[in-house]
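Coordinate analysis (summary)
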Amino acid sequence: MSVVRITTLSKSISNLFKSLVSPLALNSFFVLLITLNISAQDVDIAKGKSLYNANCASCHKLNKKLIGPALKGVSAKYDKEWLYAWIKNSAAMIKAGDEQAIAIYEEYNKVAMNAFPQLSNEDIDNILAYTDYVPEPVATSTTVSGAQSSTGEPSLANDIILGLLIVVLLVLVTMLYLVTKTLTSIAEKNGIKIDQPKSEPFSIWKAFIKNQFLIFSSVVLLLLSSAYFAYGYMMQIGVDQGYMPVQPIHYSHKIHSGANQIECQYCHSSARVSKHSGIPSLNVCMNCHENIAEYNGEEDLEKGYTKEFYTNEIKKLYKAVGWNEETQSYTGDTEPVKWVRIHNLPDFVYFNHAQHVSVAGVDCNKCHGPVEEMEILYQYSSLTMGWCIDCHRDSNVKVKDNEYYTKIHEELSKKYGVEELTIAQMGGLECGKCHY
Amino acid sequence: MKKITFFSVMILMSFLTLSCFDQSKPNYQFFPNMYESVGYSTYQESDAFANGIEAQLPVDGTISRGWVPYDYPDTNEGYELAKKELLSPLEVNDENLSKGKELYNIYCAVCHGSKGDGQGILMKREKFLGIPSYADRDITEGSTYHVLMYGRNLMGSHASQVNAEERWQISQYVISLREKLIK
């Protein structure tokens, strides 16, 4: 670290001497020097970081073994010149028989490190400055998280207070009831008669019974409203709209497709070509998660989704694919993840994703709703027959770039006398198209 | 007295109906006799096979129709060989390029960026580091195909997501991106 700063500084000093004209006042020079000192250090590390991220991070992490060793504090381990030579071309050193080089090469199962002839010594200094850099503990972060956790508490407190209030209310009601009961029994024992004003409600009731029209209309009202509710209840039998089961791994679409904007079809890759969208096999997850071993994104403390919670979920994934983080290798010890199926049409219906996604170009969101905002996935549409039919009545066939059907599309438009064909007009309402 | 029982019954009823609405359970079905056929559905659990799932790997030694074997081994030598001599069977034309672009934006742009400069969204958010710009790597269509087939270092294989023809289309598009970057 100190070496780096001195070399770059001496460079900037000599540059300064070249560019500064002699009559410059001495103290202003010192001011300049001090500011330069700070900025030179910052630039080093920032530059080193971007070089590191672009060139080295695919194989090295700072604190953890990846494909190559952890690089934190590596400059203390080796001689500077040796490091320059190694980073520029490690293979050449191994060939030349450098003992230290061969030892590391053997230790890492003879995985070759890329050669970086394009990096200058200065670049390498910057990178090493970055790998040595220890960030000062950020004092504000603790207070921020403290504030967040305190915002999490009120809702819990509210719940507790509400619950307490309800209990108190219930206790009061029972007490009142008991009190009146004992009071009346005492009164009865004492021979006091309490006359209750029973006559009034009865007179209204009697008037109501006598009025036949009122009875008739209220019976009709009652029947209609119960028919309404019964109909509503029966129509939702077998409809799983809003179904949101608990999955074996808390996999969040909000984090993957919302925050990190991963395309739906990266994982649901068979939607393009087949009936099913499919759930990705775990090797697809490991394309990213061999590298992403812990979660550092946003938290939702109110619901208990902390970083540890999410990181723990990633460990579940590792357990299922049999990935050993220590050795960075697969153990071969796998177990299937039992995802709970959410969308499920009855087996007598034929629904094809490729027809809708590739041919018609319908967006996933149109049927599956705002998936990229769902922390836990739920069924957004009703998936009833009426839902399919409505869309087939309303939307037009994408005729453009669909040469296979040009002729039939033209003939059908002529037949119906329309410019744009709906799917219904193409035969999308025929029972046989959706039912086997 | 009556009123109290009436009200408590009402309250109990409303509690009951509310508690029946459990989002983590599927709804009732009415005579679902034909909802589930005897055939297996995709990825279903099944005790027909030893590992308990319906989806199985093809039997050893069989290949599916239209599948072409890929002869280059997954080693450094195989990679160098593919870089040198593996050529694309597809001609360079607009159709292949636009298909390649579409697929590239789905499968590669999260990491490599839509321009191929290594500045994909995961790199920008510092979730996945160390993604090179195509301009910095000495790649050919053949080596790109090889990398898609087997993966390389931290990049995983994408062979399960795109088929052979699509891999060639993507490779073609990657090389066209690289040419633009180098210019």
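Overview of the structure. (Residues numbered from 1 in each chain as written. Chains lettered and ligands numbered in written order. Predicted model: local features only at pLDDT ≥ 70, side-chain atom pairs only at ≥ 80, totals over all residues. Heavy atoms only, no water.)

1. With respect to the packing of aromatic side chains
Enumeration according to the criterion identifies 19 aromatic pairs over all chains in this entry. Against the face of Tyr-79 of chain B rests Arg-152 of chain B, its NZ or CZ located 3.9 Å from the ring centre. (Phe/Tyr/Trp six-rings, centres within 6.5 Å; stacked < 30°, edge-to-face > 60°. Lys NZ or Arg CZ within 6 Å of the ring centre and 35° of its normal.)

2. So, the packing of helix α6 (residues 141-150) of chain B against helix α7 (residues 164-182) of chain B
Each packed pair of helices is defined by two parameters, the angle between the axes and the distance between the axes. Residues and elements named next belong to chain B. Put simply, α6 and α7 touch, their axes get as near as 9 Å, and they point 130° apart. Taken together, the axes of α6 and α7 are oblique relative to one another. Between α6 and α7 lies a crossing whose hand is right-handed. Taking contact as the criterion, the partners of Glu-141, Gly-142, Thr-144, Tyr-145, Leu-148 and Met-149 in α6 are, on α7, Ala-164, Arg-167, Trp-168, Ile-170, Ser-171, Gln-172, Val-174 and Ile-175. Split by residue class, the contact of α6 with α7 holds 8 nonpolar, 4 polar and 2 charged. (Axes fitted to C-alpha atoms, helices over the stretch in contact; angles between N-to-C directions. Helix = DSSP H or I, 4+ residues; strand = E, 2+ residues; numbered from the N terminus. Parallel < 35°, antiparallel > 145°, perpendicular 65-115°, else oblique. Left-handed = near helix turned anticlockwise from the far one by under 90°. Contact = heavy atoms within 4.5 Å. Nonpolar A, V, L, I, M, F, W, Y, C, P; charged D, E, K, R; others polar.)

3. A short note on helix α3 (residues 80-88) of chain A
Among the residues of α3 of chain A, those classed as buried are Trp-82, Leu-83, Tyr-84, Trp-86 and Ile-87 of chain A. Residues of α3 of chain A that are buried in the fold lie against α4 (90-96), α5 (99-107) and α6 (121-132) of chain A. (Buried < 20%, exposed > 50% of the residue type's maximum accessible area, 1.4 Å probe, protein only.)

4. Describing the pattern of salt bridges
Residues and elements named next belong to chain A. Throughout the structure, instances matching the rule amount to 8 salt bridges over all chains. For Asp-125, the salt bridge is made with Lys-80, and the minimal N-O distance between the two is 3.7 Å. You can see Asp-125 sitting in helix α6 and its partner Lys-80 sitting in helix α3, a full 45 residues away along the chain. The exposure class assigned to Asp-125 is buried, which follows from its relative accessible area of 12%. Given the relative accessible area of 25%, Lys-80 is considered partly exposed. The partner of Lys-303 in a salt bridge is Asp-300, with the nearest N and O atoms 3.6 Å apart. (Salt bridge = Lys/Arg side-chain N within 4 Å of Asp/Glu carboxyl O.)

5. Things to note about the nonpolar core
Membership of the largest hydrophobic core comes to 30 residues, with the highest contact counts inside it found for Tyr-104, Tyr-107, Leu-122, Phe-128, Ile-139, Ile-170 and Val-174 of chain B. Breaking this core down by element, the ones donating at least two residues are α12 (282-289) of chain A together with α3 (94-107), α4 (109-112), α5 (121-124), α6 and α7 of chain B. Counting residues per element, this core draws most heavily on α7 of chain B, at 5 residues. Those residues in contact with Tyr-107 of chain B, other than ones at most four positions away along the chain, are Gln-265, Tyr-266, Ser-269 and Arg-272 of chain A together with His-158, Gln-161 and Val-162 of chain B. Grouped together as the second largest cluster of nonpolar side chains are 25 residues, Val-74, Leu-119, Ile-127 and Tyr-130 of chain A included. (Core = buried A, V, L, I, M, F, W, Y, C linked by side-chain atoms within 4.5 Å.)

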